[in-house]
Amino acid sequence: MSIVLRKVNHFYGEQQALKNVSIEVSENQIVALLGPSGCGKTTLLRLIAGLERLQSGELYLQDRLVAAPKQAIHLAPEQRAIGMMFQDYALFPHMSVRKNIEYGLRKQQDLVKRRNWIEESLDNMGMQGLLERFPHTLSGGQQQRVALLRALAPEPSTLLLDEPFSALDEHLRQQVREETLDVLKKTNTPAVMVTHDPLEAMFIADKIVVMEKGEIVQNASPQEIYNNPKNAFVAALFGPSNRFEVEVEGHKVNTPLGAFAAADIEDQQMAEIIVRAKDIVVHQLENKDQIEATVISVHAMGNETHFRLQLSNMPERVIHARMRDHWQASAGTKVWLSVDGDAAFVFPKASL
Ligand SMILES: Nc1ncnc2c1ncn2[C@@H]1O[C@H](COP(=O)(O)OP(=O)(O)OP(=O)(O)O)[C@@H](O)[C@H]1O
């Protein structure tokens, strides 16, 4: 195992930032920590790096116990063979690209090996010719690539990445994300990456750890998390969705978008229901068996059309629907909606 973290609680003063968190990262695995701002992602990363002291539990890196407060063990960050890359990339501004990467290679005594590594890596990323440039003369994407190489140069046993692409625009993000993924896989470097972007997590990770309020909500493959979310929070992560709260009756929930099974929930209990926008089908032809709605607005999203709709049976709520087809409809147009009986995710309402 590359990382094993067991039963970690972490407090900042009175405030608990992590609650009984355990994770495992195996060799060659890329794990994404996904969750909203303040849920404890960075704290978890800093604990693994040794920048923050473990207050409880234990941490193994490469099967070696590196932190365990009960046994008074705390290895310093530089003794953990961990590489780090944070969102502001923090290249040294007064050093050239070569010097910046060489800094990561400072323990490599063989100068020829050092030079070859740098030149080969830059070549692989299509950045030949940038060796003597200074960081401020590089684009954001180029700086990010240099930071990645600097972090990987010492061949760390694991790489920690904290929102590494968040400063880049969408196009560059995708490109640098792909390159990073390729480099990690090619060098067999396991990694833990913090992100608050569910699609980024799906794209890059073998396993996603979803966190909410300091706790792990779900820890599974991207496909499993998407298809079998553990609760309403996870179900609503991936794209726009509609949420309802209703009481269970006869092991069913009756929502404005139709009735759905609630087999595992007791009658009279409150349930949370998530219907993803992409699971609502919008029809132009009147159909009395379907749900009547009025178009508030239509948004062309490239290969999809996003609808904001008002249901005749619940006019106070805006409903979101997404269709693959191209649609043009003006505000006020009547439409009819259908939703598959198994398209809804139904959960017992979380008690506070
Ligand atoms: N040094 C600190 N002192 C006090 N509280 C802190 C400290 N660092 C973090 N916190 C608090 O701990 C909680 C978790 O913070 P953390 O930075 O780990 O969250 P995060 O999920 O990484 O958030 P973001 O996505 O905004 O970076 C937050 O409520 C934060 O305010």
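Residues numbered from 1 in each chain as written. Predicted model: local features only at pLDDT ≥ 70, side-chain atom pairs only at ≥ 80, totals over all residues. Heavy atoms only, no water.

In the annotation of an unreviewed UniProt entry, the entry for the chain reads ABC transporter ATP-binding protein, and the organism field reads Agarivorans albus MKT 106.

Here we look at the overall build of the chain
Of the regular secondary structure elements, the chain holds 8 helices and 21 strands. Within the chain, the fraction of its 352 residues that count as buried is 49%. Within the chain, residue pairs in contact and separated by at least 24 positions form 63% of the contacts whose partners lie at least 6 positions apart. Only carbon and sulfur atoms are counted for the fraction: they give 48% of the accessible area of the chain, which is about 17,600 Å². Taking the 37 positively charged and 44 negatively charged side chains of the chain as two groups, their mean positions are separated by 6 Å. (Helix = DSSP H or I, 4+ residues; strand = E, 2+ residues; numbered from the N terminus. Buried < 20%, exposed > 50% of the residue type's maximum accessible area, 1.4 Å probe, protein only. Contact = heavy atoms within 4.5 Å. Areas by Shrake-Rupley, 256 points an atom, 1.4 Å probe, with all protein chains shown as cover. Lys, Arg positive; Asp, Glu negative; His and termini not counted. Charge placed at Lys NZ, Arg CZ, Asp CG, Glu CD.)

A closer look at the site of the ligand
Taken together, the residues surrounding the ligand are Y12, Q15, A17, P36, S37, G38, C39, G40, K41, T42 and T43. Between the ligand and G38, the relevant distance is 2.8 Å, taken from an oxygen atom to a main-chain nitrogen or oxygen of the residue. In the model, an oxygen atom of the ligand is placed 3.0 Å from a nitrogen or oxygen of the G40 main chain. Among the secondary structure elements, those contributing two or more residues to the shell around the ligand are β2 (15-25) and α1 (41-49). By residue number, the principal contributor to the shell around the ligand is α1, which donates 3 residues. Among the residues making up the shell around the ligand, the classes are represented as 4 nonpolar, 6 polar and 1 charged. (Near = heavy atom within 4 Å. Polar contact = N/O pair within 3.5 Å; in protein donor to acceptor, adjacent residues only side chain to side chain. Nonpolar A, V, L, I, M, F, W, Y, C, P; charged D, E, K, R; others polar.)

Focus: unusual backbone geometry
The backbone phi angle of K7 is positive, close to 50 degrees, even though this residue is not glycine. With respect to the element layout, K7 can be found in strand β1 (residues 3-12). One non-glycine residue with positive phi stands out, namely A72, at about 55 degrees. Take A72: its relative accessible area is 71%, and that puts it in the exposed class.

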